[in-house]
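Each chain, written out:
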Amino acid sequence: MAISVLPLAAEQTELLNAVIALGDRYTKYLGLLTPPAYRKHAEDDGLLVALDGEEVVGYALFGLPKRSLHVRLAHLCVAEEHRGKGVARELIEAIRARHAHRLGIRAKCRRDYGLSDMWTALGFVPRGETLGRGRRVPGSRCW
């Protein structure tokens, strides 16, 4: 498996639709994001796609806030059948390389997803925790 990571332009409709479909498979974990929101991130140079040949196997959706020197990671998504193969690492390294002038990448992830080991393996360090949105929702860990 040779993964290539490329920036995704809003005009690349077929690839964009495949990214949206992949994100829709994991809305339970990522939350629902509308197609126009994906398109806007692509227009703002905030969407990278991981390809195995022509197959979309993952993506990273992020923002470049004007009032922060960090990249804000919104989605890091890898198809379940391609996990454990370094796809997430390739996406994170591509963000770091493309935005080396930024101080780093920040993300929030719910504690109950059990992804702390993955974030640590990708070089993230926990910075704190925030409260969840509801009483039954556990807090989020800030990376």
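Just so you know, these numbers come straight off a predicted model, no measurement behind them. (Residues numbered from 1 in each chain as written. Predicted model: local features only at pLDDT ≥ 70, side-chain atom pairs only at ≥ 80, totals over all residues. Heavy atoms only, no water.)

**Student:** Hey, could you go over the overall build of the protein for me, with residue numbers and the actual values?
**Tutor:** Along the protein, the regular secondary structure elements total 5 helices and 8 strands. Relative to its 143 residues, the protein shows a buried fraction of 38%. Across the protein, every contact between residues at least 6 apart in sequence was considered, and the portion connecting residues at least 24 apart equals 60%. Entry remark: accessible area of the protein is about 8600 Å², with carbon and sulfur atoms responsible for 51%. (Helix = DSSP H or I, 4+ residues; strand = E, 2+ residues; numbered from the N terminus. Buried < 20%, exposed > 50% of the residue type's maximum accessible area, 1.4 Å probe, protein only. Contact = heavy atoms within 4.5 Å. Areas by Shrake-Rupley, 256 points an atom, 1.4 Å probe, with all protein chains shown as cover.)

**Student:** So what's going on with unusual backbone geometry? Residues and values would help.
**Tutor:** Across residues other than glycine, the phi torsion is negative in most instances, and most of the peptide bonds are trans. Phi is positive for Asp45, close to 65°, though the residue is something other than glycine. On the secondary structure map, Asp45 appears in the loop between α3 (35-43) and β2 (47-52).

**Student:** Outline the nonpolar core, listing residues and values.
**Tutor:** Of all hydrophobic cores here, the largest spans 22 residues; its most connected members are Leu73, Leu76, Ile95 and Trp119. The set of elements that each furnish at least two residues to this core consists of β2, β3 (55-63), β4 (70-78) and α4 (87-98). Among the elements that line this core, the one with the most residues is α4, at 6 residues. Non-local contacts of Leu76, meaning those with residues more than four positions away in its chain, are made with Leu30, Tyr59, Ala60, Ala88, Leu91, Ile92, Met118, Trp119 and Leu122. Ranked by size, the runner-up nonpolar core spans 19 residues in total, among them Ile20, Leu33, Ala37 and Cys77. (Core = buried A, V, L, I, M, F, W, Y, C linked by side-chain atoms within 4.5 Å.)

**Student:** Report on the sheet that holds strand β5 (residues 104-106), specifying residues and quantitative values.
**Tutor:** If you trace the 5 strands from one edge of the open sheet to the other, you get β1-β2-β3-β4-β5, paired in mixed fashion. Taken across any chain shown, the strands that pair with only one partner, and hence form the sheet edges, are β1 (3-7) and β5. Ignoring strand direction, the axes of neighbouring strands in this sheet form an average angle of 30°. On the sheet, α4 packs against β1, β2, β3, β4 and β5 and is oriented at approximately 155° with respect to β4. (Pairing = 2+ DSSP bridges. Axes fitted to C-alpha atoms, helices over the stretch in contact; angles between N-to-C directions.)

**Student:** Talk me through α3; I want residue IDs and the actual numbers.
**Tutor:** Residues of α3 that are buried include every one of Ala37, Tyr38, His41 and Ala42, and no others. The buried side chains of α3 occupy one side of the element, clustering within an arc of 140° when seen end-on. Turned more than 90 degrees away from the buried face of α3, the exposed residues are Pro36 and Glu43. Its buried side turned inward, α3 meets α1 (13-25), β2, β3 and β4. Positive backbone phi, approximately 65°, marks Asp45, located one or two places after α3. (Arc of directions from axis to C-beta.)

**Student:** An account of the environment of Ala2 is needed here, citing residue identities and associated values.
**Tutor:** Within the secondary structure, Ala2 sits in the segment before β1. For Ala2, a relative accessible area of 60% translates into the label exposed. It is 7.4 Å that separates the C-alpha atoms of Ala2 and Gly53, two residues lying 51 residues apart in sequence. The residues contacting Ala2, other than those within four sequence positions of it, are Leu51, Asp52 and Gly53.

**Student:** Account for the side chain of His99, naming residues and giving values.
**Tutor:** Turning to its location among the elements, His99 is positioned in the loop between α4 and β5. A relative accessible area of 7% places His99 in the buried class.

Bear in mind that shape data such as this cannot, by itself, settle questions of function.
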